[in-house]
Amino acid sequence: MGERLTSITLGPRIPLVPISQFSKERLTREQWENAWRLCGPSVERNLNGPRPLQLWQVFASAYLEGLEHGSAAQREKDRD
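From a predicted model like this one, the values you see are computed outputs, not experimental measurements.

Here is what the cut-offs are and how they apply
- Residues numbered from 1 in each chain as written.
- Predicted model: local features only at pLDDT ≥ 70, side-chain atom pairs only at ≥ 80, totals over all residues.
- Heavy atoms only, no water.
- Salt bridge = Lys/Arg side-chain N within 4 Å of Asp/Glu carboxyl O.
- Helix = DSSP H or I, 4+ residues; strand = E, 2+ residues; numbered from the N terminus.
- Buried < 20%, exposed > 50% of the residue type's maximum accessible area, 1.4 Å probe, protein only.
- Patch = residues over 30% accessible without salt bridge, like charges linked within 9 Å, V, L, I, M, F, W, Y side chains within 5 Å.
- Areas by Shrake-Rupley, 256 points an atom, 1.4 Å probe, with all protein chains shown as cover.
- Bend = angle between axes of the 7 residues up to and from the residue.
- Contact = heavy atoms within 4.5 Å.

Turning our eyes to something else, we now look at the pattern of salt bridges. Under the criterion given, the structure shown has two salt bridges. The partner of Glu 33 in a salt bridge is Arg 29, with the nearest N and O atoms 2.8 Å apart. Of the two residues, Glu 33 and Arg 29 both sit in helix H1 (residues 29–48), four residues apart, roughly one turn of that helix. Ionic pairing is found between Arg 75 and Glu 68, a salt bridge with its closest N-O pair at 3.5 Å. Looking at Arg 75, the relative accessible area reads 40%, which means it is partly exposed.

What follows is the structure, given as structure tokens:
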């Protein structure tokens, strides 16, 4: 059976994903603000830089950068 797709108000079509596939972590206001301090500069650059991205691309960029940071942190941990 093929992948089910849907549209949202921005970006290309996306797959429908069951809610059970999402993490259940709840963040405090302070944790959200700390996360924003990390990704906010990238968001600002991608929105207002010399080659601004579309909003959906800003979201995707933040996600991909997070993956890269997490991967680098794990590699560093594995070296220790």
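A surface patch of nonpolar side chains, about 340 Å² in accessible area, is lined by Val 17, Ile 19 and Phe 22. Position of Phe 22 among the secondary structure elements: in the loop between strand S2 (14–15) and H1.

In the structure, H1 departs most strongly from a straight axis at Cys 39, where the bend amounts to approximately 45° and where the proline Pro 41 lies between one and four residues downstream. Among all positions in H1, only Gly 40, Ser 42, Val 43 and Asn 46 are buried. Where H1 is buried, its residues contact helix H2 (55–79).

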